[in-house]
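Residues per chain, in single letters:
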Amino acid sequence: MTQAVRHDAMRARNLALVLGEVSARGSVTRAALAEITGLAKTTVSKLVGDLIEAGLVVETGVVRAGERGRPGMEVRVSGERIAAIGLEINVDYLAAHVVDLARSVRLRRTQPVDNRMAQPGDVIANLQDLALSAVDEAVDIGLRVVGGVLAVPGTVDLATGTVRRAPNLGWRDVTPLPLPRLPFPVRVDNEANLAALGELWFGAGHRDFLHVSGEIGVGAGLIVGGEPFRGFHGFAGELGHVVVSPGGPPCRCGGQGCLERYAGQDALLAAAAGIEAGAGIAGLLARLDAGDQDALAACERAGWALGVALSSAVNLVDPGTIVLGGIYAPLFPWIGGVVTETLAARLGEMREVVPSVEVSRLGAEAATLGAAGQVIQRIIADPAGLLNA
Ligand SMILES: [Zn+2]
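We now turn to the structure provided with this report. From a predicted model like this one, the values you see are computed outputs, not experimental measurements.

1. A look at the coordination of the zinc ion
Item 1. Taken together, His-241 (ND1), Cys-251 (SG), Cys-253 (SG) and Cys-258 (SG) make up the full set of protein donors to the zinc ion, lying 2.0 to 2.3 Å away.
Item 2. In this structure, the zinc ion is surrounded by 4 donor atoms whose angles at the metal cover 104 to 124 degrees, and the resulting shape is tetrahedral.
Item 3. In primary sequence terms, the donor set of the zinc ion follows H-x9-C-x1-C-x4-C.
Item 4. Its relative accessible area of 10% is what places Cys-251 among the buried residues.

Here you go:
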């Protein structure tokens, strides 16, 4: 290794070290950073200066007394210049959220569209249109989007970005990448895993939990010690295809009696009967508010099925908390109780403590936030590339 390469590698590592500490601590002075990292103060000042120039860090304006009374100004991660985009292709909508480096959501764009009937190429073209308009709007508020992650409701080969199976989209071995019209790199990941990461980074602050995404399909993401558990092939969390009733209705996956056939959005709306096509979850919520018996019974049945599937998940992986997101967030008042009761009835003899069942504050946004959050995590972990750009 030449001296210049060694110097570049060390600078990259130190930039990551300093930015990581600024991000973890919220705001901190250069003197405190030198103490925390063990780097020389002049080195820290140069690194912070470079991070400020690149728009990753900004001075807060707050001055703190340092050692020997020498005051220093605090710095924090800047939300003013660099941003990430979280993209989502789901069965009945497309979404694009722009999140700045300080983790504030700056733009939300959602387009209701039925992607089941469309060719994958058309869906991907529509997604690029939505993403490009969000990126243009971001420029108008001074933000440069530097990367994106695309959430899809299916199993994803992370190395190639190929969507192996997305039965509710009708996709099999579809590779959405590259997205040539977007001026930054994009990766693809599973919607339910990203929703769990969204909950980790933007939600209630749990570090060990199972996040359940209710959509047309039902996905789950397990977070253990602040890290996602993806399984050996990366396909863990297909909760929607956990069998609730072996002789139950057939499922798109080829099985029978899967959770999705009781608690997925289509199954719920069909069970509630009489909800106008297109009214969706809003139609169901209106009926629930009015005390409609069919709607209440559909939620009761979905909650029971969720409780049955989750009791298996709890026996297998023992999560600290269960967070219900996606459509289960607005439906929580009608399903949360029966899920908890079913869990208690099925697990109470086996264990003293049954995991608490909570509602996600992020709802349907969790996956796009997790997607944007993943880009932000990568920038914080390795900012050198942006400084050289
Ligand atoms: Zn299934």
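After presenting the structure, the write-up continues.
2. Structural notes on helix 10 (residues 328-347)
Item 1. Taking 1.5 Å as the rise per residue, helix 10 with 20 residues should run 28 Å; its terminal C-alpha atoms sit only 22 Å apart, a clear shortfall.
Item 2. The largest bend along helix 10 reaches roughly 70 degrees and is located at Trp-334.
Item 3. Here helix 10 has its buried residues at Tyr-328, Ala-329, Leu-331, Phe-332, Ile-335, Gly-336, Val-338, Val-339, Thr-342, Leu-343 and Leu-347.

3. Considering the sheet that holds strand 10 (residues 171-174)
Pairing between the strands of a sheet comes from backbone hydrogen bonds, and it takes one of two forms, parallel or antiparallel.
Item 1. Strand order in this open sheet of 3 strands is 8-9-10, and the pairing throughout is antiparallel. Across the chains shown, the open sheet's two edge strands, defined by having one partner strand only, are strand 8 (155-157) and strand 10. Sheet twist, expressed as the average angle between the axes of neighbouring strands with direction ignored, equals 20 degrees.
Item 2. Summarising the sheet, strand 9 (residues 162-166) and strand 10 pair through 3 bridges and their orientation is antiparallel.

4. Some remarks on the packing of helix 2 (residues 30-37) against helix 3 (residues 41-53)
Item 1. Running from amino to carboxyl end, helix 2 crosses helix 3 at an angle of 120 degrees, the nearest separation of the two axes being 9 Å. The hand of the helix 2/helix 3 crossing is right-handed. For the pair helix 2 and helix 3, contact is made by Arg-30, Leu-33, Ala-34 and Thr-37 and by Lys-41, Val-44, Ser-45, Val-48 and Ile-52, respectively.
Item 2. Broken down by class, the residue content of the contact of helix 2 with helix 3 amounts to 5 nonpolar, 2 polar and 2 charged.

5. Examining empty space enclosed by the protein
Item 1. Taken as a whole and judged by the stated rule, the model has 1 cavity of 30 Å³ or more.
Item 2. Forming the boundary of the largest cavity are Glu-88, Tyr-93, Glu-191, Ala-195, His-211, Ser-213, Glu-215, Gly-326, Gly-363, Ala-364, Ala-366 and Ala-367.
Item 3. Among the secondary structure elements, those contributing two or more residues to the lining of the largest cavity are helix 5 (191-202), strand 12 (209-214) and helix 11 (366-381).
Item 4. Considered class by class, the residues forming the lining of the largest cavity number 5 nonpolar, 4 polar and 3 charged.

Conventions we followed
Residues numbered from 1 in each chain as written. Predicted model: local features only at pLDDT ≥ 70, side-chain atom pairs only at ≥ 80, totals over all residues. Heavy atoms only, no water. Donors = N, O, S within 2.8 Å, 3.2 Å for Na, K, Ca; no water. Tetrahedral: all angles 85-135°; square planar, octahedral: opposite > 155°, others 65-115°. Buried < 20%, exposed > 50% of the residue type's maximum accessible area, 1.4 Å probe, protein only. Helix = DSSP H or I, 4+ residues; strand = E, 2+ residues; numbered from the N terminus. Expected span 1.5 Å × (residues − 1). Bend = angle between axes of the 7 residues up to and from the residue. Pairing = 2+ DSSP bridges. Axes fitted to C-alpha atoms, helices over the stretch in contact; angles between N-to-C directions. Left-handed = near helix turned anticlockwise from the far one by under 90°. Contact = heavy atoms within 4.5 Å. Nonpolar A, V, L, I, M, F, W, Y, C, P; charged D, E, K, R; others polar. 1 Å grid on protein atoms, 1.4 Å probe; cavity = no way out; pocket = protein on both sides within 12 Å on 5 of 7 lines; lining within 4 Å. Points joined across faces, edges and corners; volume = space filled by probe spheres on them.

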